[in-house]
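Structural overview for review
For reference, the chains in residue letters:
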Amino acid sequence: MTAAEGNDTVDDAQRRAYLTAMGIPVWQSRAPVGDAVLADSAAPSAPMQSPIDGGDPWSILRAEVRECTRCALHSSRTQTVFGVGNERAEWLIIGEAPGAEEDRLGEPFVGRAGKLLDNMLFAIGLNRRTAYIANVIKCRPPQNRDPLPDEVASCAGYLRRQIQLIKPKLILAVGRVAAHDLLKSADSLANLRGKIHTYPGSDIPVIVTYHPAYLLRSPGEKHRAWEDLKFAVSVYNNAADHATNSA
Ligand code: URA
């Protein structure tokens, strides 16, 4: 039994509330979420910054990020923002960079945009414990400006190693900065949405959608984000079916 089956009434009511928050009429069809996505059997959230810097690759990576001085952002940060979620997640959500709240709390997407991201994930049966959430860069740029190319380059190895360790079944790139970095593309978000890309050097599908901060500024676009999420779920489900059939 999945977590969802055990709590049908609560989940359905919650899901409807979240869809409403997303600006999606509740009578619209829901994403065909598979059990694998809904299952809450995943390992508990990883501690943000483990005090144990032992020999395992996650601890080593966490310690490296925590101590990082590779770019100038280290001097203005309160702390690094490594990532949160299930280290064996099938869905990896990648945003841009920590903002003020994230810098303060050490966790990605905890401000207003994060609340909307939580709603978006909940609408497709995911949350911060079942998915993994990370950013292209791990330190807050001053005044929330876009990350500079040298900052992205300095941080690139950290995200690449997170992806290698997680081995997600699908990557959801939220916003232009994440999409451009992951796909090594300078194409517009409009052109990148609605297509199945792959993470370079792998067969991991990458789906592109709007950044929740943009959706807060442009709520009229939420329905497009919902289309993207449904598309991502269908890509995920097709990949899972394919894996089952070829096993
Ligand atoms: N925006 C992002 O891209 N990432 C965060 O963690 C917070 C806001």
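Residues numbered from 1 in each chain as written. Predicted model: local features only at pLDDT ≥ 70, side-chain atom pairs only at ≥ 80, totals over all residues. Heavy atoms only, no water.

1. A closer look at the layout of surface pockets
Rules: Cavity and pocket criteria rest on a 1 Å grid covering protein atoms alone: a 1.4 Å probe that fits but cannot get out defines a cavity, protein on both sides within 12 Å along at least 5 of 7 lines defines an open pocket, and an atom within 4 Å of a point defines a lining residue. Grid points are joined across faces, edges and corners, and a volume is the space filled by probe spheres set on the points. Secondary structure elements follow DSSP: runs of H or I no shorter than four residues count as helices, runs of E no shorter than two count as strands, and numbering proceeds from the N terminus.
Counted as a void, the largest pocket has a volume near 580 Å³. Looking at the largest pocket, it is lined by 26 residues, and the ones nearest its centre are Glu96, Ala97, His211, Ala213 and Arg217. Contributing elements (two or more residues each) for the lining of the largest pocket: α5 (100-105), α6 (112-123), α8 (176-183) and α10 (212-217).

2. Side note on unusual backbone geometry
One non-glycine residue, asparagine 144, adopts positive backbone phi at about 55°. One can find asparagine 144 in the loop between β3 (132-135) and α7 (149-166).

3. Side note on the packing of aromatic side chains
To describe a pair of aromatic rings, one takes the distance between the centres and the angle between the planes. What counts here: Any pair of Phe, Tyr and Trp rings, taking the six-membered ring for Trp, is counted once the centres come within 6.5 Å. Such a pair is stacked with planes under 30 degrees apart, edge-to-face with planes over 60 apart, and tilted for the rest. Think of it in three bands: with a 1.4 Å probe and only protein chains considered, a residue is buried below 20% of the maximum accessible area for its type, exposed above 50%, and partly exposed in between.
In the structure shown here, the tally under the stated rule is four aromatic pairs. Measuring from centroid to centroid gives 5.5 Å for tryptophan 91 and tyrosine 236, while their planes differ by 40°, and the two rings are tilted. Of this pair, tryptophan 91 sits in strand β2 (residues 91-95) while tyrosine 236 sits in helix α11 (residues 222-245), placing them 145 residues apart in sequence. For tryptophan 91, a relative accessible area of 1% translates into the label buried. With relative accessibility at 3%, the residue tyrosine 236 sits in the buried group.

4. Some words on the site of the ligand
The line we're drawing: We call a residue near a molecule or strand whenever a single non-hydrogen atom of that residue lies within 4 Å of it. A 3.5 Å cut-off defines polar contacts: any pair of N or O atoms within that distance qualifies, except that in protein one atom must be a possible hydrogen donor and the other a possible acceptor, and neighbouring residues in sequence count only when both atoms are side-chain atoms. When residues are sorted by character, Ala, Val, Leu, Ile, Met, Phe, Trp, Tyr, Cys and Pro go into the nonpolar class, Asp, Glu, Lys and Arg into the charged class, and all the rest, Gly among them, into the polar class.
In the region of the ligand, the neighbouring residues are Gly95, Glu96, Ala97, Glu102, Pro108, Phe109, Asn135 and His211. Here a nitrogen atom of the ligand and a side-chain polar atom of asparagine 135 are 2.8 Å apart. Histidine 211 is positioned with one of its side-chain polar atoms (N or O) 2.7 Å from an oxygen atom of the ligand. Classifying every residue of the shell around the ligand by side-chain character gives three nonpolar, three polar and two charged.

5. Some remarks on the environment of glutamate 64
Looking at the element boundaries, glutamate 64 is found in helix α4 (residues 57-67). Residue class for glutamate 64 comes out partly exposed when judged on its relative accessible area of 32%. Residues glutamate 64 and tyrosine 158 lie 94 residues apart in sequence; the distance between their C-alpha atoms is 8.7 Å.

6. Here's the deal with the nonpolar core
As a rule of thumb, nonpolar side chains are buried together in soluble globular proteins. Operational definition: We define a nonpolar core as any set of buried Ala, Val, Leu, Ile, Met, Phe, Trp, Tyr and Cys residues linked to one another through side-chain atoms lying within 4.5 Å.
Among the nonpolar cores identified, the biggest contains 60 residues, and Trp91, Ile93, Ile94, Ile163, Ile171 and Leu182 are the most heavily contacted of them. If one sorts the elements of this core by residue count, α11 sits on top with seven residues.

7. Thoughts on α11
Heads up, the rule is: To estimate the expected span of a helix, count its residues, drop one, and scale the result by 1.5 Å.
If you check α11, its first and last C-alpha atoms are 34 Å apart, about what 24 residues at 1.5 Å a residue would give, namely 34 Å. Lys222, Ala225, Trp226, Asp228, Leu229, Lys230, Ala232, Val233, Val235, Tyr236 and Asn237 are the residues of α11 that are buried.

8. Observations regarding the pairing of strand β6 (residues 205-209)
Basically, it comes down to this: Here a strand pair is declared whenever DSSP counts at least two bridges between the two strands.
β6 sits mainly inside the fold: five of its five residues count as buried. Side chains Pro205, Ile207 and Thr209 project from β6 onto one buried face, and the interleaved Val206 and Val208 project onto a second face that is buried too. Where strand β5 (residues 197-198) folds back on β6, the antiparallel hairpin that results is connected by six residues, among which glycine 201 adopts a positive phi of roughly 80°.

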